[in-house]
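Structural description and commentary
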Amino acid sequence: MASFYQWFHRLGAPKSFYFLTGKWLPWLALATGVLLVAGTVWGLGFAPQDAKQGNSYRIIFIHVPAAFLSLAGYYVMAVAGAIGLIWRMKLSFMVMKAAAPLGAALTFVSLFTGALWGKPTWGTYWVWDARITSMLVLFFLYLGVLALQYAYRSGDAANKASAVLALVGTVNIPIIYKSVDWWYTLHQPATLKLTGASTIHPEMLYPLLVMIAAFYCFYALALILATRAEILHRERRTAWVAELDGG
Amino acid sequence: MFQFDSFADFMTMDGHGVYVWVSYLITLVVMVWLLVWPLVASRHTRKAVRRGAARQERFAKPRGSAEEPDG
């Protein structure tokens, strides 16, 4: 346990994080690439057609993973903000700052692909349905955290305000999850369930699981890259950054 | 097994092709952007640090030491 704390403590220092993740990046990039290509080819070309929706359902292979990660990413951002507030960890706020545009982009992808899936399936790009509206709220929460980062002259005040907004916004996450059960919505109920059988044919489920794994890897990769960029920027006047090229 | 009879069939997807392909294309663009901007930003920072270091080195040297001594 002591060694874990040591490891965690070292990871908490921006410099150690930078060097440690530098070693992970090639492997993470490789895993992301392989899984993304495999899942995309499988989902687009080899998974069977849907009996009711035809080929338009193939959007599920990016829509569902993007939606998953936009929700999981919100927890990452909120937890990073909480750790920053409680333990005053610099790195934690950097992760929070990196998670905001990433989450906003993935929420945008899930809304956009959802609209394009809705047109041939429901006959409309957009409805003010509980699931879709709560996802739009999520998108604005991400943008709010992002905007607060630039609203203060002091970085410390910006971090605190962003973290508080991120924490308050977590109320929205269970609402998104439960929206398809609580309200009568146009959006179809959850495809994957943690408990009980999923309502999807195995030949469609496997490529979907590959794509979800791919998006998780992608998320980790993008989050680490953005955090490293932020670390370099914040620590640009330190000796170790100067030694990166010269030494 | 591949689900389509021809490449053209794969493109049109019985009329759903536009929706499917545009979805995948936009997703690809967003994902590439998410990976490229931090790399560009990092490179930018490192370049600025290098320039700053070079300038500091110039100022640190005593006057005239950079030039060849006269005759």
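Analysis parameters
Residues numbered from 1 in each chain as written. Chains lettered and ligands numbered in written order. Predicted model: local features only at pLDDT ≥ 70, side-chain atom pairs only at ≥ 80, totals over all residues. Heavy atoms only, no water. Helix = DSSP H or I, 4+ residues; strand = E, 2+ residues; numbered from the N terminus. Contact = heavy atoms within 4.5 Å. Polar contact = N/O pair within 3.5 Å; in protein donor to acceptor, adjacent residues only side chain to side chain. Nonpolar A, V, L, I, M, F, W, Y, C, P; charged D, E, K, R; others polar. pLDDT = per-residue confidence, 0-100. Expected span 1.5 Å × (residues − 1). Phe/Tyr/Trp six-rings, centres within 6.5 Å; stacked < 30°, edge-to-face > 60°. Buried < 20%, exposed > 50% of the residue type's maximum accessible area, 1.4 Å probe, protein only. Lys NZ or Arg CZ within 6 Å of the ring centre and 35° of its normal. Core = buried A, V, L, I, M, F, W, Y, C linked by side-chain atoms within 4.5 Å.

Among the secondary structure elements, Leu102 of chain A is positioned in helix H4 (residues 90–122). Put simply, Leu102 of chain A and Gln6 of chain A are 96 residues apart on the chain and 29 Å apart in space, counted from C-alpha to C-alpha. When residues no more than four places from it in sequence are discounted, the contact partners of Leu102 of chain A are Phe218, Tyr219, Ala222 and Leu223 of chain A together with Leu34 of chain B.

Each partner contributes residues to the interface: chain B has 29 residues there, and chain A has 43 residues. Our enumeration of links across chain B and chain A arrives at eight residue pairs in polar contact (both at pLDDT 80 or more). Examining the composition of the side of chain B that touches chain A, we find that 21 residues originate from one element, helix H2 (residues 17–60) of chain B, more than from any other. Of the residues belonging to the side of chain B that touches chain A, the class tally is 20 nonpolar, six polar and three charged.

Across chain B, the average pLDDT comes to 86, with 85% of residues at or above 70. Confidence metrics for the complex model read pTM 0.90 and ipTM 0.90.

Below, the discussion takes up helix H3 (residues 60–87) of chain A. A rise of 1.5 Å per residue sets the reference length of H3 of chain A, with its 28 residues, at 40 Å; its end C-alpha atoms lie 40 Å apart and thus fit the reference within 8%. Once H3 of chain A ends, the next one or two residues include Arg88 of chain A, with phi positive near 55 degrees.

Before going further, it helps to examine the packing of aromatic side chains. Taken as a whole and judged by the stated rule, the model has 15 aromatic pairs over all chains. Taken together, a centroid distance of 5.8 Å and an interplanar angle of 65 degrees make the contact between Phe2 of chain B and Phe4 of chain B edge-to-face. For Phe2 of chain B, a relative accessible area of 35% corresponds to the partly exposed category. Exposure remark for Phe4 of chain B: the relative accessible area of 7% places this residue in the buried category. Aromatic ring contacts, followed pair by pair, group Phe46 of chain A together with Phe2, Phe4, Phe10 and Trp21 of chain B into a single cluster. When the ring centre of Tyr18 of chain A is taken as reference, the NZ or CZ atom of Arg228 of chain A above it lies at 4.0 Å.

Let us now look at the environment of Trp240 of chain A. Residues and elements named next belong to chain A. Mapped onto the secondary structure, Trp240 falls in helix H9 (residues 239–246). Given a relative accessible area of 10%, Trp240 falls into the buried group. C-alpha of Trp240 to C-alpha of Ala51: the two residues are 189 residues apart in sequence and 59 Å apart in space. In contact with Trp240, other than residues within four places in its own chain, are Lys15, Tyr18, Phe19, Ile231 and Glu235. A polar contact is formed between the side chain of Trp240 and the side chain of Glu235, at a distance of 3.1 Å.

Residue and element names in this part refer to chain A. Counting residues in each nonpolar core, the largest one holds 75 residues, and the members touching the most others are Phe61, Tyr74, Met77, Leu102, Leu138 and Phe215. Counting residues per element, this core draws most heavily on H4, which supplies 16 residues. Ignoring sequence-local partners within four residues, the contact set of Tyr74 consists of Leu138, Leu141, Tyr142, Leu165, Ala166, Gly169, Thr170 and Ile173. In terms of nonpolar packing, the next biggest core, distinct from the first, is built from five residues, Leu25, Leu221, Ile224 and Leu225 among them.

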